[in-house]
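For reference, the chains in residue letters:
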Amino acid sequence: MIDPYAEQTAAPARAWLHHLNPLAKLGAVLPAMVLLLFVRDLATPIAFLALAYAVLLTGARLTTRLWTVLLLAIPAGVVVLGLSMALWTDPAQVASTPVALRIGSWELHAGALESGLATGLRLAAILALSLISGLTTTGPDVVRAGVQQLRIPYRFGYTALAAYRFVPRFGYELSVIRAAHRVRGTHGGRGPFARIARGWGYIVPLLASAIRHAERVALAMDSRAFGAHPTRTERHEVPFRPRDVVFLLLMLAASAALLTLFFPWRS
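Predicted, not measured: the structure shown is a model, and the values here were computed from it.

### Re the overall build of the chain
So, point 1. On a plain count of helices and strands, the chain comes out with 9 helices and 2 strands.
So, point 2. Starting at the N terminus, the α and β elements of the chain follow one another as α-α-α-β-β-α-α-α-α-α-α.
So, point 3. What you see for the chain is a C-alpha radius of gyration of 25 Å, clearly larger than the 18 Å of a compact globule of 267 residues, by over 25%.
So, point 4. In terms of overall dimensions, the chain has a C-alpha envelope of 70 × 60 × 30 Å along the principal axes.

This is the structure in C-alpha cells:
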C-alpha cells in the first residue's frame, strides 16, 4: 500500500524548493494566481508561465512523469483549450479582426484565437504556479506549518490529516476485496450488469473495513490524549527560516515587476 501522506525520502540539496516552508511557497504564488484570473492579454500569462517553469526546473525534484507533464501535457492543454475557447467566442465581439480560417460561410477570426489562447495561457500559468507548492510539499508538512506558524488548532489540523489518510487506505482495502472476489469467482461475467453487481458486492466489506479502521484510529488518538490539552509538542518542526523570507520576497517582487512591466489592465 502506498501512502501519499507518509514521510518522504529527503530531497537532495539541489532540489531547494523541497527544503522551504510550505507557507512560504504558498504565499509566494497565491497573489499572482489570484491576479491572473483578471488578466486578458497574452504577454502576462506567458511571463508568469516562464517564471514558474524557471523555478520548477531549477528547484524541484522532477520525475519522468513530471517532465512529461511540464513539457508536453501543459503545452498541449494550452493549444487544445485555446482552440476550444476560440470556437466558443462570440463572433460579433471579434468581427473587426482579420479572418484566420474560413470554411464555407463559417469564419474564425484572429480575435477569437487570441482570446482563446489568452484563456489557455492564463489557466496554464495558474497551474504552473500552483505546482511550485504542490509538487514540493507533502500533506503532513502543510498541516504542521499551519499549526506551528498560523496557529491553527491542532484538533482541526491533525483530524483533517487523519481523514485524508483514509483515502489510500480505502484504495488498498478495495484492491484486497477485489482480489478476494476474483479468487472466489463472485459476480463473474462481463457486461454492465455484471460490473454493477461486482461494485455492489464491494460496498458492505469496504464499509466494514472503514468502520474498523476508524475505530482503531479513534482509539489510537484517545490513547495519546488527543484534544485533552490546548497545545501539543511537535515531533517534526517545520520552521520559517530566513531563506523562506528571501524566497517569499523575491517571488512577490518578481510578480510585481511582471505586472508593472506588462500592466494588463491598461485601457
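### As for the environment of P239
So, point 1. Among the secondary structure elements, P239 is positioned in the loop between α8 (192-223) and α9 (242-262).
So, point 2. Through-space distance from the C-alpha of P239 to that of W88 is 48 Å; in sequence the pair is 151 residues apart.

### Comments concerning the nonpolar core
So, point 1. Counting 33 residues, the largest nonpolar core has F48, L129, I132, F247 and M251 as the members making the most contacts within it.
So, point 2. Among the elements of the structure, α1 (22-36), α2 (43-59), α3 (64-88), α4 (110-134) and α9 are those that each provide at least two residues to this core.
So, point 3. With sequence-adjacent residues up to four places away left out, F48 is seen in contact with A32, L36, A125, L129, S255, L258 and L259.

### A closer look at the packing of aromatic side chains
So, point 1. Counted according to the given criterion, the structure contains 1 aromatic pair.
So, point 2. Seen in terms of ring centroids, W16 and F247 are 5.8 Å apart; in terms of plane orientation they differ by 65 degrees. Their pairing is edge-to-face. Taken together, the positions of W16 in the segment before α1 and F247 in helix α9 put the pair 231 residues apart, joining distant regions of the chain.
So, point 3. The class for W16 is partly exposed, based on a relative accessible area of 33%.
So, point 4. We classify F247 as buried; its relative accessible area is 7%.

### Brief notes about the pattern of salt bridges
So, point 1. Taken as a whole and judged by the stated rule, the model has 2 salt bridges.
So, point 2. R169 is paired through a salt bridge with E173; the nearest N and O atoms lie 3.0 Å apart. Separated by 4 residues within a single helix, R169 and E173 lie in helix α7 (residues 166-184), roughly one turn from each other.
So, point 3. E173 gets classed as buried once you look at its relative accessible area, which sits at 13%.

### Structural notes on the confidence of the model for the chain
So, point 1. In this model, the chain carries a mean pLDDT of 83, and residues with pLDDT of at least 70 account for 91%.
So, point 2. Within the model, pLDDT remains below 50 along residues 1-5, and this stretch shows 13 contacts once partners closer than five positions in the same chain are excluded.

### With respect to unusual backbone geometry
So, point 1. In this structure, R151 takes a positive phi of about 60 degrees despite not being glycine.
So, point 2. Within the element layout of this structure, R151 appears in the loop between α5 (139-148) and α6 (154-164).

### Brief notes about the packing of α2 against α9
So, point 1. It is the contact of α2 with α9, at a shortest axis distance of 9 Å, that shows an interaxial angle of 155 degrees. It follows that α2 is roughly antiparallel to α9 by the angle criterion. Seen along the crossing, α2 lies across α9 with a hand that is right-handed. Together, A43, T44, A47, F48, L51 and V55 of α2 and F247, M251, A254, S255, L258, L259 and F262 of α9 make up the contact between the two elements.
So, point 2. Here the contact of α2 with α9 is composed, by residue class, of 11 nonpolar, 2 polar and no charged.

### Some remarks on α3
So, point 1. The terminal C-alpha atoms of α3 lie 35 Å apart, and with 25 residues this matches the ideal 36 Å at 1.5 Å per residue to within 8%.
So, point 2. Of all the bends in α3, the greatest measures close to 35 degrees and is centred on L70.
So, point 3. Those residues of α3 that fall on the buried side of the exposure criterion are L70, I74, V78, G82 and A86.

### Overview of the pairing of strand β2 (residues 106-109)
So, point 1. The pairing of strand β1 (residues 99-103) with β2 spans 4 bridges and is antiparallel. Note that in β2 the partner of L101 across the bridge is L108.
So, point 2. Counting the residues that bridge the hairpin from β1 to β2 gives 2 residues, and of these G104 lies at a positive phi of roughly 65 degrees.

Cut-offs applied
Residue positions are counted from 1 within each chain, in the order its sequence is given. Only residues with pLDDT of 70 or above have their local features reported here, since the model is predicted, and side-chain atom pairs are shown and tallied only from 80 upward, although totals for entire chains, interfaces and linings are computed over all residues. Only hydrogens and water are removed before side-chain values are computed, so all heavy atoms of the structure are retained for them. Helix and strand assignments follow DSSP, with helices taken as H or I runs no shorter than four residues and strands as E runs no shorter than two, numbered in order from the N terminus. C-alpha atoms define the radius of gyration in this analysis, and the globule rule sets the expected value at 2.2 Å times the number of residues to the power 0.38. To define a nonpolar core, start from buried Ala, Val, Leu, Ile, Met, Phe, Trp, Tyr and Cys residues and group those joined through side-chain atoms within 4.5 Å. The classification of residues rests on relative accessible area computed with a 1.4 Å probe and restricted to protein chains. Under 20% of the type maximum is buried, over 50% is exposed, and intermediate values are partly exposed. Here, two residues are considered to be in contact whenever any of their heavy atoms come within 4.5 Å of each other. Here a Phe, Tyr or Trp ring, Trp counted by its six-membered ring, pairs with any other such ring whose centre lies within 6.5 Å, and the pair is stacked when the planes are under 30 degrees apart, edge-to-face when over 60, and tilted otherwise. The salt bridge criterion pairs a side-chain nitrogen of Lys or Arg with a carboxyl oxygen of Asp or Glu, the two atoms within 4 Å. Confidence scores per residue from the predictor, reported as pLDDT, run from 0 to 100. To get an axis, fit a line to the C-alpha atoms, keeping to the stretch in contact for a helix; angles then go from 0 to 180 degrees between the N-to-C directions. By definition in this entry, angles of less than 35 degrees are roughly parallel, angles greater than 145 are roughly antiparallel, angles of 65 to 115 are roughly perpendicular, and the rest are oblique. Helix crossings fall into two classes, left-handed where the near helix is turned counterclockwise from the far one by less than a right angle and right-handed where it is turned clockwise. Side-chain classes are defined by residue name, with Ala, Val, Leu, Ile, Met, Phe, Trp, Tyr, Cys and Pro counting as nonpolar, Asp, Glu, Lys and Arg as charged, and the others, Gly among them, as polar. To estimate how far a helix should extend, the number of its residues minus one is multiplied by 1.5 Å. Note on bend: at a given residue it equals the angle between the axes fitted to the 7 residues ending there and to the 7 starting there. At least two bridges found by DSSP between two strands are what make those strands a pair.

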